[in-house]
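Residue-level listing of the chains:
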Amino acid sequence: MPSVAEPLAQLLARHTREGQLYERLDNGRVRCFACGHRCLIPPGRDGICRVRFNEAGTLRVPFGYVAALQLDPVEKKPFFHALPGATALSFGMLGCDYHCSYCQNWVTSQALRDKAAVAPADPLTAAEIVNAAKRAGARIVTSTYNEPLITSEWAVHVFKAAKAQALVCSYVSNGNGTDEVLEYLRPWVSLYKVDLKGFRDRPYRELGGTLERVTWTIEALHRKGFWVEVVTLVVPGFNDSDQELGDIARFLVSVSPDIPWHVTAFHPDYRMDDRARTSVHALLRAAEIGAAAGLHFVYAGNLPGAVRSWENTYCPGCRALLVERLGYRVLRNRLEGTGRCPECRRVVPGVWA
């Protein structure tokens, strides 16, 4: 059984099955490959995520429930280069391999670490999730709200049913990946959003990860053919210096200048209530840094209508306005079905049809 407090742990332990992302070792131990921690788990113990645990030499993993289920515009994920204006059915489970003090989904992600984080775990089948998406007219299903890497077996089970119904599948993740989990996901996941939380290793370790592992994941996702968009929540006094933002932008350019970079506004949440919201000026400065570094697509988020043209998509060749947005609303989309600029015929990277 997982070493967490009852009764939530007992409930979640019933919603498990044997994992696929692990190997058996000597003395009943297992090595988990679901995230970059690659936990070595003795019998009777759980991994850093608290939801994958070793039961008598077998890795048990979350399966068959949701803690959150919601319809969102795909722009909220955010994906700006994937079916603009489409609806995504988002589902999530419980648990995370990080413990970010400013987590905006802490009720689900920290449910087994923090007694104040109370979220339901409702039994649901993959078919029920897909049917709900079809009834709502959603074109996308998204694993999100907690860290999807640690619940990848369940996500793939859902995505197999979703792809059979011609739905597009996506991940909203912290990017703490491994080669094994990305290969496992590659046949099923088309869109992958990574939170790049900064570009300094010590603060990353305070959140529960490492910078090296996230940059490796972004590079690997791009190399393996996922459509990747990257988000940086600009947190005052944490990651908002010109130097650090510039380092992020230059790294992304080195992978591909076509990777969309979303710089989004922080608001006080969870355990980080000791600083102000991100100002419009700071967000605009971050976007300008990204563009100056050579990124073709930089977006400023969470302040709809206040960030001028940084909500829109422009052709990197002729600068024609291609997708006009106000917050999560798409006002005009000139790329639908073709993915080409109607003015200069340049191909704009993304998933447009």
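In what follows, the structure referred to is the one given above.
An account of the accompanying structure is given in this report. (Residues numbered from 1 in each chain as written. Predicted model: local features only at pLDDT ≥ 70, side-chain atom pairs only at ≥ 80, totals over all residues. Heavy atoms only, no water.)

Moving on, we get to the overall build of the protein chain. A count of helical and extended segments in the protein chain gives 9 helices and 19 strands. Relative to the 2.2 N^0.38 estimate, which gives 20 Å for 353 residues, the radius of gyration of the protein chain is 20 Å and therefore close to what a compact globule would have. If one aligns the C-alpha atoms of the protein chain with their principal axes, the spans along those axes are about 60 × 45 × 35 Å. For the protein chain, the proportion of its 353 residues judged to be buried stands at 58%. Taking as baseline every contact in the protein chain between residues at least 6 positions apart, the subset at least 24 positions apart corresponds to 65%. Carbon and sulfur atoms form 49% of the exposed surface of the protein chain, whose accessible area is close to 14100 Å². (Helix = DSSP H or I, 4+ residues; strand = E, 2+ residues; numbered from the N terminus. Rg over C-alpha atoms; globule rule 2.2 N^0.38 Å. Buried < 20%, exposed > 50% of the residue type's maximum accessible area, 1.4 Å probe, protein only. Contact = heavy atoms within 4.5 Å. Areas by Shrake-Rupley, 256 points an atom, 1.4 Å probe, with all protein chains shown as cover.)

Take the side chain of K193 next. Along the chain, K193 turns up in strand β13 (residues 191-195). At 2.8 Å, the side chain of K193 and the side chain of D195 are in polar contact. Ignoring anything within four residues of it in the chain, the contact list for K193 reads K77, P78, F79, Y171, V172, S173, E229 and V231. (Polar contact = N/O pair within 3.5 Å; in protein donor to acceptor, adjacent residues only side chain to side chain.)

In this section: the pattern of salt bridges. Think of it this way: side chains of opposite charge can pair up when their charged atoms draw near. Within this structure, the stated rule accounts for 18 salt bridges. Ionic pairing is found between R38 and E180, a salt bridge with its closest N-O pair at 2.9 Å. With R38 in the loop between β3 (30-32) and β4 (40-41) and E180 in helix α5 (residues 179-185), the pair connects residues that are 142 residues apart, well separated along the chain. Between D46 and R50 there is a salt bridge, and its shortest N-O distance comes to 3.4 Å. Judged by relative accessible area, which is 14%, D46 ranks as buried. (Salt bridge = Lys/Arg side-chain N within 4 Å of Asp/Glu carboxyl O.)

Where helix α7 (residues 211-224) meets helix α8 (residues 242-255), the closest approach of the two axes is 10 Å, and the angle between their N-to-C directions is 30 degrees. Here α7 lies roughly parallel to α8, going by the angle between them. The two elements α7 and α8 meet at a crossing, and its hand is right-handed. Facing T215, I218, E219 and H222 of α7, the residues of α8 in contact are F251, L252 and V255. Tallied by class, residues from the contact of α7 with α8 come to 4 nonpolar, 2 polar and 1 charged. (Axes fitted to C-alpha atoms, helices over the stretch in contact; angles between N-to-C directions. Parallel < 35°, antiparallel > 145°, perpendicular 65-115°, else oblique. Left-handed = near helix turned anticlockwise from the far one by under 90°. Nonpolar A, V, L, I, M, F, W, Y, C, P; charged D, E, K, R; others polar.)

So, about unusual backbone geometry. Of note, the bond from K77 into P78 is cis; its omega dihedral lies within 30 degrees of zero at -5 degrees. When you line up the elements, P78 lands in the loop between β8 (68-73) and β9 (87-92). For A56, which is not glycine, the phi torsion reads 55 degrees and is therefore positive. Relative to the helices and strands, A56 is located in the loop between β5 (53-55) and β6 (58-62). Of note, the phi angle at R308 is positive, near 55 degrees, even though the residue is not glycine. Among the secondary structure elements, R308 is positioned in the loop between β16 (298-301) and β17 (313-314).

The next subject is the pairing of β6. In terms of residue burial, β6 counts as a mostly covered element, since 4 of its 5 residues are buried. Pairing of strand β1 (residues 16-18) with β6 involves 3 bridges; the strand directions are antiparallel. From the neighbouring strand, T16 faces β6, where its bridge partner is P62. Judged from the 3 bridges that link them, β5 and β6 form a sheet pairing that is antiparallel. Residue E55 lies in a different strand from β6, and its bridge partner there is T58. (Pairing = 2+ DSSP bridges.)

Moving on, we come to the pairing of β16. Going residue by residue along β16, you find V298 and A300 tucked away on one face and Y299 and G301 tucked away on the opposite face as well. As paired strands, strand β15 (residues 261-265) and β16 are joined by 4 bridges and run parallel to one another. Each residue of the ladder has a partner; that of W261, found in β16, is V298.

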